[in-house]
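Structure assessment
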Amino acid sequence: MRETLKSDSPKSPSIFKQALTVNRKPFPWLKAFSAGLAASLPVFIGLLVGNLEYGLIAGMGGFAYLYVFNIPYAQRARKIFFAVLGMTLASALGTLAAPHPLAVAILMGIIGAAAIFIFGALKIKGPSAIFFVLIFAMTTGMPVHPELVWVRAGLVFLGGALSWVLAMIGWFFNPHGPETGVVKKVYTELAGFLDSVGTEKFNEARHALMSGMREAEETLVAGYIPWRNTDIFNRLVILNDYANSIFFYVLENFSATTDKLPPEFGEFLREIAHSLDLKQRNEIPSKKLLLSEGMDETVLKLFKEITDADAILNEPTSKINHELHISRPSLRTIFLGAFDKNSIVFITAVRFGLVTIIAAVIAYEFEFTRPFWVPLSCVAVMSGFTIVATYHRAIQRAIGTILGIMIASLVLMTQPNGYIIAVLILLLTFITELFIVKNYGLAALFFTPSALLMAESTSHGNFAFSYFASARIIDILIGSIVGLIGVFFVGRRSASSRVPHLITKTIRSQAQFLLVLFSDQGTGFNARKSKERMKMRTNLNNLKTLYDTAAGEIPVDKKSLEYYWPVIFSIDHLGYLLENCSKTEQRPILSDQTLSQLLYVCETMANAADRKLSPSIKNVPEIEGFPSIRNELIHLQKSFQKDDRVFN
């Protein structure tokens, strides 16, 4: 969240310059080649069986590979499979709706809105709605033959199935690679956190470690398969739990100290992180953390925690007395949480669908030659996460697409056929995936001719160069303008105006969770599966997404966002502390008076947030065994203190 705010500082470059910035991320060579193979291999197969058109239709299913990211293979298998099903459904609907322009416009909006909502609610990385809308649009542009619905849908499914196979090949070589990577990152961040004790970088390192541990927990939960519980996976879960234990021990005992911890502690944790990369246990070099003389009792206990974590690398998990805590919210809980009037995911999905429908209606009403390029461009522009990102997308798409159309026009003038089309799709998709991590505009420069080549080859278009180029440029510019106008007027200030109310809801849900954690709920109660925990998690996730969206609005209210940053940071940290507390069975039962005071403190803050006022500082009672929760509540009260002119 903090980086989002910094990017909007007065000294930041203009939107135009930001849009043209090329970042320094490394080229994803393997993913780019695999993506090119997924898109072109069906075309080669179609040529071998003597039907190029069928090969091109199957190649659209190859877009499913573009949703591959470094996530656990268990999650990847589900994600790509459902992406393939979605693309298959989109192609079937496009074939059936093609004769009815109004139905095409409405369905295009529904498909886009549904994809935006699902990807947003499940926090799925990837290009979201764009390729589902693209496949639907391309099938509406094919020769109108509703009777071919099963053929076209089946071909898209087969192309997507090939993408699924390519996406899962890595499982045979490193089945737990993504999970290992996030746990390694946790131990690296943990080493930096220990190094920061007693320095000014303590809070910054704490925040970085919390983010890493949350990512690791989500990744491990996503990679969990109840019926296939491997030794490697169990070891990673236990190592992650030990990292959490070390983090909270340091937080409880060294937050206020000015003394630094022995540097050997951090170095030893980095060696543990390095050891996780070694595939065979006998490759792990022996390490020793020597006990220094004069260590006090708290440092000595930390020494033992670190050496215990190291022992897990070589100890069989069957001999480790450690209970695994794997729990995930149901899809029903997730979707109900996102389906809320204050959920920015729901609001964005509705806005996305309505603007897409308007763009499609305009395109068909004015009878453009290829009307689907107008709403498709609108969708590409609106795929930016914030309004600022949408403006970036518009600039990048305009420049990249215009140049890409020129390339596509020149290619289509030569009337390529057969294996030349397949090779061009391979090369263009490969280059697109290489540059998408650098700049969307550079990717559009190569993706545009690839998409046009597939679309025009399946629609049997035959136009002169000048007509074709000018038509596509007009289509894309109109679509981009509609998308910008829609986002500006529909989404303007929609996020920032909801921040105070959602802060109120989140604090109240944290108070409810706090109550069930430290009160007698009877035998058999599991705090990890309680509705209070799920509600708190939902509100917290919605709040963080809302804040990031508000930071990208135009105009941005920097004063209020600067005020809310420490508040949301503290709420996030409190939520993490409560989550960790729920894993512990040995929690104290607080008296009614103590619980009442804790609830009073939380309600005072929630009420003040809703009314945009500074709450009065209240006494926060002790919580035996969990002083960090009390300290965070005190810190949260202080974070709310402000000059009343902030909102005037």
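Here the structure is a predicted model, which is why all the values come from computation and not from measurement.

Our focus in this paragraph is the overall build of the chain. When helices and strands are tallied, the chain shows 25 helices and zero strands. Here the chain holds 648 residues, and the buried ones make up 53% of them. Total accessible area computed for the chain in this model is approximately 29300 Å², and 60% of it derives from carbon and sulfur atoms.

Over its 20 residues, helix α3 (residues 29–48) extends 27 Å from the first C-alpha to the last, a length consistent with the 28 Å expected when each residue adds 1.5 Å. At S40, α3 shows its strongest bend, of approximately 35°, with the proline P42 following within four residues. Those residues of α3 hidden inside the fold are in contact with α4 (52–61), α8 (149–168) and α18 (419–435).

Time to look at the nonpolar core. If you look at the biggest cluster of nonpolar residues, it comprises 93 residues, and the most contacted ones within it are Y187, L194, I503 and I629. Per-element tally for this core: the top contributor is helix α11 (residues 231–254), with 14 residues. In contact with I629, other than residues within four places in its own chain, are L514, F518, L574, L577, L578, C581 and I623. Core analysis: the second largest hydrophobic core is formed by 72 residues, M87, A338, A359 and I476 among them.

What follows deals with the packing of helix α6 (residues 101–121) against helix α15 (residues 344–365). Packing of α6 against α15 brings their axes to within 8 Å, and their N-to-C directions diverge by 155°. For the element pair α6 / α15, the angle class is roughly antiparallel. For the element pair α6 and α15, the recorded crossing hand is right-handed. Across the interface between the two elements, P101, V104, A105, I106, M108, G109, G112, A113, I116, F117, G120 and A121 of α6 pack against V345, F346, T348, A349, F352, G353, T356, I357, A360, V361 and Y364 of α15. Taken together, the residues of the contact of α6 with α15 sort by class into 17 nonpolar, six polar and no charged.

With that settled, the discussion passes to the packing of aromatic side chains. Inspection of the entire model under this criterion finds 27 aromatic pairs. Judged by centre distance (6.0 Å) and plane angle (25°), the rings of F117 and F335 are stacked. With a gap of 218 residues between them, F117 in helix α6 and F335 in helix α14 (residues 331–338) connect regions that are remote in the sequence. With a centroid separation of 5.9 Å and 20° between ring planes, the pair formed by F435 and F446 is classed as stacked. Here F435 is found in helix α18, whereas its partner F446 is found in helix α19 (residues 440–459), with eleven residues between them in sequence.

This part takes up the environment of I118. Its location among the elements puts I118 in helix α6. A relative accessible area of 38% means that I118 is categorised as partly exposed. Sequence spacing of I118 and I334 is 216 residues, and the spatial spacing of their C-alpha atoms is 9.8 Å.

Attention shifts here to the pattern of salt bridges. Pairing is possible between side chains that carry opposite charge, provided their charged atoms lie close to one another. Using the criterion set out here, one finds 15 salt bridges in the structure. Across the pair E433 and K31 runs a salt bridge whose closest N-O atoms are separated by 3.9 Å. Of this pair, E433 sits in helix α18 while K31 sits in helix α3; the two residues are 402 residues apart in sequence, bridging distant segments of the chain. Linked by salt bridges that have partners in common, E217, R528, R533, R537 and E579 make up one network.

As a further point, take unusual backbone geometry. Unusually for a residue other than glycine, S128 sits at a positive phi of about 55°. If you trace the backbone, S128 turns up in the loop between α6 and α7 (130–140). We classify S128 as buried; its relative accessible area is 13%. Positioned with a positive phi, K612 is a non-glycine residue whose angle comes to about 60°. With respect to the helices, strands and loops of the structure, K612 is situated in the loop between α24 (592–610) and α25 (627–639). What makes K612 partly exposed here is its relative accessible area of 41%.

Close reading of the predicted structure is inappropriate where its pLDDT is low. With 85% of its residues at a pLDDT of 70 or more, the chain shows a mean pLDDT of 83. Low pLDDT, under 50, characterises residues 1–12; the predicted model gives this stretch 24 contacts beyond four residues in sequence or across chains. Long-range and interchain partners of residues 279–286, a stretch whose pLDDT sits below 50, account for eleven contacts in this model, where long-range means more than four residues apart.

What counts and what doesn't
- Residues numbered from 1 in each chain as written.
- Predicted model: local features only at pLDDT ≥ 70, side-chain atom pairs only at ≥ 80, totals over all residues.
- Heavy atoms only, no water.
- Helix = DSSP H or I, 4+ residues; strand = E, 2+ residues; numbered from the N terminus.
- Buried < 20%, exposed > 50% of the residue type's maximum accessible area, 1.4 Å probe, protein only.
- Areas by Shrake-Rupley, 256 points an atom, 1.4 Å probe, with all protein chains shown as cover.
- Expected span 1.5 Å × (residues − 1).
- Bend = angle between axes of the 7 residues up to and from the residue.
- Contact = heavy atoms within 4.5 Å.
- Core = buried A, V, L, I, M, F, W, Y, C linked by side-chain atoms within 4.5 Å.
- Axes fitted to C-alpha atoms, helices over the stretch in contact; angles between N-to-C directions.
- Parallel < 35°, antiparallel > 145°, perpendicular 65-115°, else oblique.
- Left-handed = near helix turned anticlockwise from the far one by under 90°.
- Nonpolar A, V, L, I, M, F, W, Y, C, P; charged D, E, K, R; others polar.
- Phe/Tyr/Trp six-rings, centres within 6.5 Å; stacked < 30°, edge-to-face > 60°.
- Salt bridge = Lys/Arg side-chain N within 4 Å of Asp/Glu carboxyl O.
- pLDDT = per-residue confidence, 0-100.

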